[in-house]
Structure formats: C-alpha cells, structure tokens
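Geometric and topological summary
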Amino acid sequence: ALASVQGWAVSVIHLVTLLALAAFLFEKSLAWDWKWIKTPLDKPILILLILVMLSTLFSIDKYTSIWAFILLCNYIIIYYLIVHIFNTRTRLRHLVYSIISVGAFLSIFGLLKKFGANPFPWWDYDIGLNRELAVSSSTYGNPNHFAGYLAMAIPLMMGMFFTGLRGGKLVLSVLLALLMLIALTLSISRGGWASTFVGMVFMLTTLLTHQYLENKKIVFIIVGGILFWMFIVLANRPVVQELLTIKEGSRNSSVQARVLVWRKQVDMVRDHPFLGTGPGTFSTMFTQYQPPGFNSRYFMAHNDYLHFISEVGVPLITIMGWMIIGFYLKGTAKLKNPSRLIRGTALGAMSGVTALLFFSIFDFNLHIPANAILFTVLAALVASPLPTTK
C-alpha cells in the first residue's frame, strides 16, 4: 500500500524483520551453528554503517537521522537474512517465484484499476491526486515507483528462461512477462520505460558476450521484442508529448526544474562535504537551497545519488563505487556456473539492479521501502555464495 512509505508500513517492516531475525538466531542457537557467510559487499557495508553512524552523530536533526539509520540497518539485516536463509536451490526458486508473483499481482491490479474495474476500494487514491496518475500506480501512490518494481521484476522474469522452463511453465512465463510489460507501458512512467530498456540492453549485451548461457534463441527473441516495444513507445513523439502534459503539470516536475535542483544540491554538498547534513535531513536542509519560483517543497532530490551524498557526505561515493564493482564481479562469476538456475537468477537480478541504478539518476526509488527492499534482495541474490543442491 502506497509503496510502504507511510509510518505504519515502515513499522510493519521493522516488526517483520525483527521477528525474522529472532527466528533465525533462535534456529542458529539450537543447532549452535554460527558460521558467517561472507559476501563481496561485507566490507563496504561495514564502512557504510560507520559513515552513516558518524553522520547521524553530527546531524542537524538527530531524531530524524536516528530513524533513517535504523531503516538502513533494517535493509542490511534483510540482506544478510537472504544470504543466510535462501542458501538452497529450492529456497532460491521460491524467493524468485514470490518476487515474480508480486509483480504479476501488481500488474493485474494495475490494469484493472486503469480500466475502471478496481475490486479493492481501499487502493483507490483518486482523492487529492491527479486522476491519471492515481489510476496508473496499482497499489502504489506514484506510477514511477510502481514502474520501479516492474523494472526489477521483468528482468528477473526473463532470467528464469535460462533455467530450463518447458511446456506450460514456459508459456506461463511468457504470458507473465507480457503482462508486466503491458502494465509498465500503461504506467506512463518515462523513467520506468527508460530504466527497463537499459536493463534489457544489459541483458542482451550479456547474452552476446557470454557463451555459458543456454536457451539463447528464445531469450534473445523475447528480449529483442521487449527492446523493440520499448523503442517504439519511447520514439512515439505524440504519445510522449501527451504523457509529458499529464506528468508535468507543475513546474516542479519538469526536467529543467530537476536539473536546477541538482545544481543546488551540489552547493549543499560543497557546504557539508565530509559527513553531510545527516541521514534523512534532506527535506529540512534543502529549504535553504531550493531555488525561487517553485510552488512546493522538494522532499526528495529526484536523484538518489546526490540525495544520499548530500546527507552522508562525499566519502559515500567511494563506498558506492566499491559496492557496484564487487556486485558486478560476483554476478559475472556466477554467469559461468554450470547450474542453469544460478546463471539465470544471477543474470535476471543483475539486469534488475542495473535498471534501478539507472532509474535512480532521475527518481528516488531507493527511498521507497517497497522497492528498496526488492533492490536489497536482488543484490543479495547476486552477492551470496552458491546455493546447495538441496
């Protein structure tokens, strides 16, 4: 609901994560098995925690920063729970199917809502919102964030074609991919279209450069078809112009406005280079930098990278680069594994992460708990060691 951005939803996330962690530790204590599973992101995650902790200590608003730090810890706990619990091929399949199932549900409900057949009135967000945006966002409150989930789920769905699907499973997978693609197209999210396009280009490039991947023909045809579809949508000037009119009714939403805001963010970083202003303090601090002529406050930077750097400091750039390099090196190594399941899930998860990394240049999906959790899960799928055969 509303991408889990509301306080009650974040509280539920904290509660479920704590319960899962407690159950995991209890199981470990019963077996007295405290073996730590290493990943290539362990060191940068530790340094990130130290940096964010220091930034919190010197924050301009310690209360807000403490809660932002707790949410970061929550994501890190989820990351390690995925690494330690989903360590068998059966569990890995169940996790991937769960992600795809949620994507399919969101797509079906989004299409029903789009065509006026909403069966769940509690997910009707028309009041106080642009009607076109409200009906294009499924259970989310913003179509860009709905598209953010699909931009990660569609590549993961495509990766499953490498796992040896046959017969009915293959047909169902093709239909689900088509369903999510239609929902993505009707979300009227230009960022969602572009990021999915980038994710598919990454997948296609990997297909052309790695001889270890099987079933290339069918996946090449499907991925090529998706790219052609996305190209037609993005190149259709009348459609794009119409959507620009819908999406950019206020000056605050325009590309020019975002570029102007990004420039002001650079000034904000220059004034607080080492530890930033504190986690979660952007909306408060940016009031001092927001350019004149805007009819509302900027609560988000519409660029996750600049947003995080302005809050935590310039050292974050090195940590992000370290994480990205370690992530892709690990994923590339998994593409050479003889297991079709490992190759397929690694390629799908890498492509989904690539899509959201691109999307984050223009939006703030990593500040949306529902999507940040999925991003964390996909990162854990790639960074985790090889699953057992059980």
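For the structure given in this document, a descriptive report is provided here. By convention here, each chain's residues receive numbers from 1 onward along its written sequence. Local features in this predicted model are restricted to residues of pLDDT 70 or higher, and side-chain atom pairs are both shown and tallied only at a pLDDT of 80 or more, whereas totals for entire chains, interfaces and linings draw on every residue. To get the side-chain values, take all heavy atoms of the structure and skip hydrogens and water.

**Observations regarding the pattern of salt bridges**
Here a salt bridge means any side-chain nitrogen of Lys or Arg lying within 4 Å of a carboxyl oxygen belonging to Asp or Glu. The tally for this structure, following the rule as stated, stands at two salt bridges. Salt-bridge contacts for Lys-28 lead to Asp-33; the nearest nitrogen and oxygen are separated by 3.7 Å. The exposure class assigned to Asp-33 is partly exposed, which follows from its relative accessible area of 36%. A salt bridge links Arg-270 to Asp-267; the shortest N-O distance between them is 3.5 Å. With a gap of three residues between them, Arg-270 and Asp-267 both fall in helix α11 (residues 255–271), about one helical turn apart. The rule is simple: take the accessible area with a 1.4 Å probe, protein chains only, and divide by the maximum for that residue type; under 20% is buried, over 50% is exposed, in between is partly exposed. Take Arg-270: its relative accessible area is 61%, and that puts it in the exposed class. With a relative accessible area of 29%, Asp-267 lands in the partly exposed category. Each helix is a run of H or I in the DSSP string that is no shorter than four residues. Each strand is a run of E no shorter than two, and both are numbered from the N terminus.

**Quick look at the packing of aromatic side chains**
Think of it this way: a Phe, Tyr or Trp ring, Trp meaning its six-membered ring, pairs with another when their centres are within 6.5 Å, and the plane angle makes it stacked under 30 degrees, edge-to-face over 60, tilted otherwise. For the coordinates displayed, the defined rule picks out 16 aromatic pairs. An aromatic cluster is present here, built from Phe-105, Phe-109, Phe-120, Trp-122 and Trp-123 joined pairwise through their rings.

**As for helix α1 (residues 7–31)**
In this analysis, the expected span of each helix is defined as 1.5 Å times one less than the number of residues it contains. Its 25 residues place the ends of α1 36 Å apart at the C-alpha level, agreeing with the 36 Å of an ideal helix rising 1.5 Å per residue. Considered for burial, the residues of α1 that qualify are Ala-9, Val-10, Ile-13, His-14, Thr-17, Phe-24 and Lys-28. We call two residues contacting when some pair of their heavy atoms lies within 4.5 Å. Where α1 is buried, its residues meet α3 (62–85) and α16 (369–383). Backbone geometry just downstream of α1 places Trp-32 in the positive-phi region, at approximately 50°.

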